[in-house]
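Structural overview for review
The chain contents come next:
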Amino acid sequence: MKRKAVRMGIWWRMQPLRRALLDAVIMFLRRGGVVRAVRLINMIKEIVQELLTYILSRKVVFVAYLVGRELIRKFSGYLGIVGDVKYIIHLGIQWLNTPLIYRGL
């Protein structure tokens, strides 16, 4: 997770305290340690969720999926759209590629 965050440039956008905590936990686990503290595990989960959010928000397919889901939720009563994942992504990409002047929202 850290390698991917560094590669994508997300690692440096995180708070320094969170980066330091994650680095310390990674070093501790590599040396054979086991994390048992519940509060520490919850803090690590929050950090990983934040990293995943940043990483996935950079992926066009994920953004297209979110936009497509919102379009389906908004217009499902009018169009009777099926919730197929590929179709949702298709709608999202189609909407993202539509110029602002033609979106008509």
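The structure reproduced in this document is the subject of the present report.

Definitions and cut-offs
Residues numbered from 1 in each chain as written. Predicted model: local features only at pLDDT ≥ 70, side-chain atom pairs only at ≥ 80, totals over all residues. Heavy atoms only, no water. 1 Å grid on protein atoms, 1.4 Å probe; cavity = no way out; pocket = protein on both sides within 12 Å on 5 of 7 lines; lining within 4 Å. Points joined across faces, edges and corners; volume = space filled by probe spheres on them. Helix = DSSP H or I, 4+ residues; strand = E, 2+ residues; numbered from the N terminus. Nonpolar A, V, L, I, M, F, W, Y, C, P; charged D, E, K, R; others polar. Salt bridge = Lys/Arg side-chain N within 4 Å of Asp/Glu carboxyl O. Buried < 20%, exposed > 50% of the residue type's maximum accessible area, 1.4 Å probe, protein only. Core = buried A, V, L, I, M, F, W, Y, C linked by side-chain atoms within 4.5 Å. Contact = heavy atoms within 4.5 Å. Expected span 1.5 Å × (residues − 1). Arc of directions from axis to C-beta. Patch = residues over 30% accessible without salt bridge, like charges linked within 9 Å, V, L, I, M, F, W, Y side chains within 5 Å. Areas by Shrake-Rupley, 256 points an atom, 1.4 Å probe, with all protein chains shown as cover. Lys, Arg positive; Asp, Glu negative; His and termini not counted. Charge placed at Lys NZ, Arg CZ, Asp CG, Glu CD.

Considering the layout of surface pockets
Of the volumes computed, that of the largest pocket is approximately 200 Å³. Residue assignment for the lining of the largest pocket shows that the elements contributing at least two residues are helix H1 (2-8) and helix H2 (16-30). No other element matches H2, which puts five residues into the lining of the largest pocket. Class assignment for the residues of the lining of the largest pocket results in five nonpolar, no polar and four charged.

Focus: the pattern of salt bridges
Scanning all chains against the criterion turns up three salt bridges. A salt bridge links Arg73 to Glu70, with the nearest nitrogen and oxygen atoms 2.4 Å apart. Of the two residues, Arg73 and Glu70 both sit in helix H4 (residues 60-79), three residues apart, roughly one turn of that helix. Note on Arg73: relative accessible area 56%, which makes it exposed. Look at Glu70 and you get partly exposed, because its relative accessible area is 39%.

Digging into the nonpolar core
Counting residues in each nonpolar core, the largest one holds eleven residues, listed as Ala5, Ile10, Trp11, Met14, Leu22, Val25, Val35, Ile44, Ile47, Leu51 and Ile55. Contributing elements (two or more residues each) for this core: H2 and helix H3 (38-57). When residues of this core are assigned to their parent elements, the largest contribution, four residues, is made by H3. Residues contacting Ile55, with those up to four places away along its chain left out, are Met1, Lys4, Ala5, Met8 and Ile10.

Here's the deal with helix H5 (residues 85-97)
Note: α-helices contain 3.6 residues per turn, so residues at a spacing of three or four share the same orientation. The end-to-end C-alpha separation of H5 is 18 Å, in line with the 18 Å expected for 13 residues at 1.5 Å each. Looking only at H5, the buried set comprises Ile88, Ile89, Leu91 and Gly92. Looking down the long axis of H5, one finds its buried residues gathered within 160° of arc, a one-sided arrangement. In H5, the exposed positions angled more than 90 degrees off the buried face are occupied by Lys86 and Asn97.

Section: a positive patch on the surface
Side chains of Arg3, Lys4, Arg7, Arg30 and Lys59 sit close together on the surface and give a patch of like positive charge. For the positive patch, the element with the most residues is H1, which contributes three residues. Within the element layout of this structure, Lys4 appears in helix H1. On the accessibility criterion, Lys4 (34% relative accessible area) is partly exposed.

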